[in-house]
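The residues making up each chain are set out below.
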Number of protein chains: 2
Amino acid sequence: MPDYAAHVPLVHLETPCLLLDETRMERNIARLKARLAALGEAGGVTLRPHLKTAKSIDVARALMPTPQGPATVSTLKEADYFASHGVRDLLYAVAIAPGKLRHVAALRARGVDLTVIVDSVEAARAVAGAGASASAGMPIPALIEIDSDGHRSGVQPQDTAQLLAIARALEEGGAALRGVMTHAGDSYNCRTVEALEAIAEQERAAAVRCATVLREAGLPCPIVSVGSTPTAHFAKSLQGVTEVRAGVFVFFDLVMAGVGVCTPDDIALSVLATVIGHQHAKGWIIVDAGWMALSRDRGTARWAATAPAAAASSGTASSAGTSDAAASAAIARWRRDQGYGLVCDLAGQPFADLIVADANQEHGILALRPGSLGSATLPDLPIGAMVRILPNHACATGAQHDRYHVVTGAGPVRAVWPRINGW
Amino acid sequence: MPDYAAHVPLVHLETPCLLLDETRMERNIARLKARLAALGEAGGVTLRPHLKTAKSIDVARALMPTPQGPATVSTLKEADYFASHGVRDLLYAVAIAPGKLRHVAALRARGVDLTVIVDSVEAARAVAGAGASASAGMPIPALIEIDSDGHRSGVQPQDTAQLLAIARALEEGGAALRGVMTHAGDSYNCRTVEALEAIAEQERAAAVRCATVLREAGLPCPIVSVGSTPTAHFAKSLQGVTEVRAGVFVFFDLVMAGVGVCTPDDIALSVLATVIGHQHAKGWIIVDAGWMALSRDRGTARWAATAPAAAASSGTASSAGTSDAAASAAIARWRRDQGYGLVCDLAGQPFADLIVADANQEHGILALRPGSLGSATLPDLPIGAMVRILPNHACATGAQHDRYHVVTGAGPVRAVWPRINGW
């Protein structure tokens, strides 16, 4: 891809490419920061943003409380990259593989306060052993991962024996127990405001309970870390929590709109594409953004059978109070299968019911949503016309690209921000 | 990711990372080349390999008839990259966007014989206009895309008027009409040997018919280009075809195994991953390769409801002759939902019924296949153990990585080959 100078109009960009609406991004960041300032202990709770969504130092600086952090990463390559840009307080939030501990120790020897996570005695012993054998002889700090919702990894919150065994393996082996962390990944499956509030409270309570177990056993637990984008936006209390991790909120996406955390107007990321053909008899418009540019993520497919009216009425039928029921009905509005993405004009306004109905590697097929009942008509988009496609999942779509073209509204491009990928 | 010298044992690699079994790759290439040498006109038909799967000059050199090509690409970034490594004969096999024609002309001015494709009069006029206005004043060569199977783009093969209108817009406008091309993408949906043979013949016949229409109208058509990995492997005749394009065959994958073009033993690409945790009560093993390393491609999900026995009997129930029915039953053996990938040991041998049942960004959940009926048991894979995961779709999985670790069998790594991504 050629290098683009700033202030290039969108229509001069070579497609497909990734656009980042800076105004929307800043609004999304301000929204969560204001929320967290009002919750938790006196003075609010710390945001430790998850940088796995953006993987860009320019976005990270807009997210982090200070240029040194804190922040969360999902790979050691992210840790290397952000460390090279001066970030000093990082949590690597994937259970550590023993084979990566030498890399972790090397980063710590460079002055990066990198913390790892464990959910087994075996891994705790490996962390303790790596710290003891590191050339600097410095203990590696670790959090114990708690499985607050059965979603994936972590110690069951009621399994006190396992929790204490891991904590002691860390402390007695010579690692530094820093506390506990959990991630309520199951919040992506919530369908009502009350369900979102309940899973946020479940996440908080599990982490705080485990912190209490450790402290009552005389073990240190300075950090109580929770987070997912939905729970961060719906928690009513963060009592006892010291930090919140969230990532996708910086850009938002169609899955988050379907869960009810945002609307499509909040989505800061889009893929710019050009019309390259038509199959008029089928009502298809072909563009040059396929699944390679959009990602294979079909996270909205779960809502394939959910007509908007049905979703709204199921919200109303819940046992929530009137205002929660209305809120649940409102958030159900965007709970739809969006194919490989929702198609917008150059200013970022969605066309009625126009989605990427199917995709090949470098081809996207735009068509009206099945069941649009003839109320919407295919827009007139001749060969060479450009569209913007909102993604199902910002983390997955972003990862298909190596840079952001930073715009506000319909452009022009005011900057190009590089991003990293891989391991 | 750190740079690895050659001859590193697999167990010393930092995971996740991409492995390429060179012996399997060479066998896959030899198989298709032998096939094409025996088909087509006297002397065989030219292979114009599609480099969108590998995106690596090292792999390309093993595929191409000569270091200068010919080859096929899916992006202009691939064209730039391969041109910088001396490839001179390239087909960009996505209908051209007018905004990319200046880039095409620049590549041609560098001495690259880059051909584009069109399926509309509008695009043909744009190509003709760009050639006429290029500084060198050189016509841009184009193929007309034919829609041989209703899969995506192209002129309907019976639409003679449209075909001739595009051809004349190219020739009279000053572009260079080089011929016709088609891609039977629908071959991925075939379920029997006869269906595969039939769609290959349909692809050939459509292209040859359109070539005849052009020639009878006094228009040039030196190139008749067809191709997909399934049709290239099942065509009984390539009479009238001058070149075959195919890409995924170089590595193969679980979708190709399900279609019946290969078996898992032929798959040259795998993702190396490390065990980082267990959820014993659920029968889950957690590894550090999630959808970011495996891709979000769930191409085998279409076979979720197909038990192997049922698939075999539907093959037998077909109207094919006995040997075709037996062959169809045999190929149905691998027609299974493989989750996010099939799990193998370090030597590349699959564990019985162990798949990546679910995935998050950097987490894979290994579990026994639903319905494995207790015949398989979860292998003992402690924290730190490594596995290799065969991909659903080689093009999608490869694109998540920036290099291949080249091995034979269980290693060690004999070379590291870079690959490109993006636009």
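Not measured: the values here are computed from a predicted model.

Draft legend 1. Highlighting the overall build of chain A. Helix and strand counts for chain A stand at 13 helices and 17 strands. Whereas a compact globule of 423 residues would reach a radius of gyration of roughly 22 Å, chain A reaches 23 Å, a difference of no more than 12%. In terms of overall dimensions, chain A has C-alpha extents of about 70 × 55 × 35 Å along its principal axes. Taken over 423 residues, chain A has a buried fraction of 63%. Of the contacts formed within chain A by residues at least 6 apart in sequence, a portion of 69% connects residues at least 24 apart. Surface accessibility of chain A: about 14000 Å² in total, with carbon and sulfur atoms responsible for 54%. With 37 positive and 39 negative side-chain charges, chain A shows a separation of 2 Å between the mean positions of the two kinds.

Draft legend 2. Looking closely at the sheet that holds strand β4 (residues 89-92) of chain A. All names here are of chain A. Here we have 8 strands laid out as an open sheet, ordered β2-β9-β8-β7-β6-β5-β4-β3, and parallel in their pairing. Strand pairing shows two members of the sheet lacking a second neighbour, β2 (46-47) and β3 (71-73), which therefore form its edges. Note that β3 and β4 share 3 bridges and pair parallel. Within β4, the residue paired with V73 across the bridge is Y92.

Draft legend 3. Focus on the interface of chain A and chain B. Facing 58 residues of chain A, the contacting portion of chain B comprises 58 residues. Of all residues in chain A, R152, I383 and W423 of chain A bury the most surface against chain B, accounting for 18% of the area lost on that side. Our count for the chain A to chain B interface comes out at 6 salt bridges. When residues of the side of chain A that touches chain B are traced back to their parent elements, those giving at least two are α3 (76-84), α5 (121-133), β10 (269-279), β11 (284-287), α10 (291-294) and α13 (394-398) of chain A. Partitioned by chemical class, the residues of the side of chain A that touches chain B number 22 nonpolar, 21 polar and 15 charged.

Draft legend 4. Geometry of the pairing of strand β13 (residues 350-359) of chain B. All names here are of chain B. Bridge count between strand β12 (residues 342-344) and β13: 2 bridges; the pairing is antiparallel. Considered in β13, the bridge of C344 is made with P350. Turn length for the β12-β13 hairpin, with the two strands adjacent in sequence and antiparallel, is 5 residues, and the turn residue G348 shows positive phi of about 95 degrees. With 5 bridges joining them, β13 and strand β14 (residues 364-368) adopt antiparallel strand pairing. Bridged to A359 within β14 is G364. Hairpin connection of β13 to β14: 4 residues between the antiparallel strands.

Draft legend 5. Structural detail: the environment of S153 of chain A. When you line up the elements, S153 of chain A lands in the loop between β6 (141-146) and α6 (160-173). A C-alpha to C-alpha distance of 11 Å links S153 of chain A and M181 of chain A, two positions 28 residues apart in sequence. Dropping the residues within four chain positions of it, S153 of chain A is found in contact with D119, E145, I146 and D147 of chain A together with Q279, I286 and H363 of chain B.

Draft legend 6. How the structure looks around the relation of the copies chain A and chain B. Rotating chain A by 180 degrees and translating it 0.0 Å along the rotation axis places it on chain B, where the RMSD comes to 0.0 Å. The superposition of one copy onto the other is thereby described by a two-fold rotation axis. When each C-alpha of chain A is compared by its distance to the rotation axis, R296 of chain A comes out closest, at 2.5 Å. By residue overlap, the copies meet face to face through one surface: 100% of the interface positions of chain A are interface positions in chain B.

Draft legend 7. How the structure looks around the sheet that holds strand β6 (residues 141-146) of chain B. Residues and elements named next belong to chain B. Taken in spatial order, the 8 strands of this open sheet run β2-β9-β8-β7-β6-β5-β4-β3, and their pairing is parallel. Either end of the sheet is taken by a strand with one partner, and the two such strands are β2 (46-47) and β3 (71-73). As paired strands, strand β7 (residues 176-182) and strand β8 (residues 223-226) are joined by 3 bridges and run parallel to one another. Across the sheet, G179 pairs through a bridge with I223, a residue of β8. Along the sheet, helix α6 (residues 160-173) makes contact with β5 (113-118), β6 and β7, crossing β6 at roughly 170 degrees.

Draft legend 8. A look at the nonpolar core. The biggest cluster of nonpolar side chains holds 276 residues, and the ones touching the most others in it are I144 and F251 of chain A together with F251 of chain B. Excluding residues that lie within four positions of it along the chain, F251 of chain B makes contacts with L20, M25, N28, T53, A54, V59, D266, I267, A268, L269, A394 and Y404 of chain B.

Draft legend 9. Geometry of the environment of R61 of chain B. Inspection of the secondary structure assignment puts R61 of chain B in helix α2 (residues 57-63). Taking the C-alpha atoms as reference points, R61 of chain B and P412 of chain B, 351 residues apart in sequence, are found 22 Å from one another.

Draft legend 10. Quick peek at the packing of aromatic side chains. For the structure on display, the rule yields 4 aromatic pairs over all chains. Relative to F82 of chain B, the ring of Y81 of chain B lies with its centre 4.8 Å away and its plane at 70 degrees, an arrangement referred to as edge-to-face. One exposure class covers both Y81 of chain B and F82 of chain B, and it is buried. Between F251 of chain B and Y404 of chain B, the aromatic rings sit 5.6 Å apart at their centres with planes inclined by 55 degrees, giving tilted as the arrangement. Taken together, the residues span a long stretch of sequence, with F251 of chain B in the loop between β9 (243-244) and α9 (254-259) and Y404 of chain B in strand β16 (residues 403-407) at a distance of 153 residues. Of the two residues, F251 of chain B and Y404 of chain B, neither departs from the other in class, the shared state being buried. In this arrangement the basic side chain of R302 of chain A is found over the ring face of W303 of chain A, its NZ or CZ atom lying 5.0 Å from the centre.

Draft legend 11. Representation of the pattern of salt bridges within the structure. In the structure shown here, the tally under the stated rule is 33 salt bridges over all chains. Salt-bridge contacts for K77 of chain A lead to D402 of chain B; the nearest nitrogen and oxygen are separated by 3.9 Å. On the criterion of chain membership, the pair formed by K77 of chain A in helix α3 and D402 of chain B in the loop between α13 (394-398) and β16 is interchain, its members lying in two chains. A salt bridge links D266 of chain B to R27 of chain B, with the shortest nitrogen-to-oxygen separation between them at 3.1 Å. With D266 of chain B in the loop between α9 and β10 (269-279) and R27 of chain B in helix α1 (residues 22-38), this pair connects stretches of sequence that are 239 residues apart.

Criteria and cut-off values
Residues numbered from 1 in each chain as written. Chains lettered and ligands numbered in written order. Predicted model: local features only at pLDDT ≥ 70, side-chain atom pairs only at ≥ 80, totals over all residues. Heavy atoms only, no water. Helix = DSSP H or I, 4+ residues; strand = E, 2+ residues; numbered from the N terminus. Rg over C-alpha atoms; globule rule 2.2 N^0.38 Å. Buried < 20%, exposed > 50% of the residue type's maximum accessible area, 1.4 Å probe, protein only. Contact = heavy atoms within 4.5 Å. Areas by Shrake-Rupley, 256 points an atom, 1.4 Å probe, with all protein chains shown as cover. Lys, Arg positive; Asp, Glu negative; His and termini not counted. Charge placed at Lys NZ, Arg CZ, Asp CG, Glu CD. Pairing = 2+ DSSP bridges. Buried area = accessible area lost by both parts, 1.4 Å probe. Salt bridge = Lys/Arg side-chain N within 4 Å of Asp/Glu carboxyl O. Nonpolar A, V, L, I, M, F, W, Y, C, P; charged D, E, K, R; others polar. Least-squares fit on C-alpha atoms with pLDDT ≥ 70 in both. Axes fitted to C-alpha atoms, helices over the stretch in contact; angles between N-to-C directions. Core = buried A, V, L, I, M, F, W, Y, C linked by side-chain atoms within 4.5 Å. Phe/Tyr/Trp six-rings, centres within 6.5 Å; stacked < 30°, edge-to-face > 60°. Lys NZ or Arg CZ within 6 Å of the ring centre and 35° of its normal.

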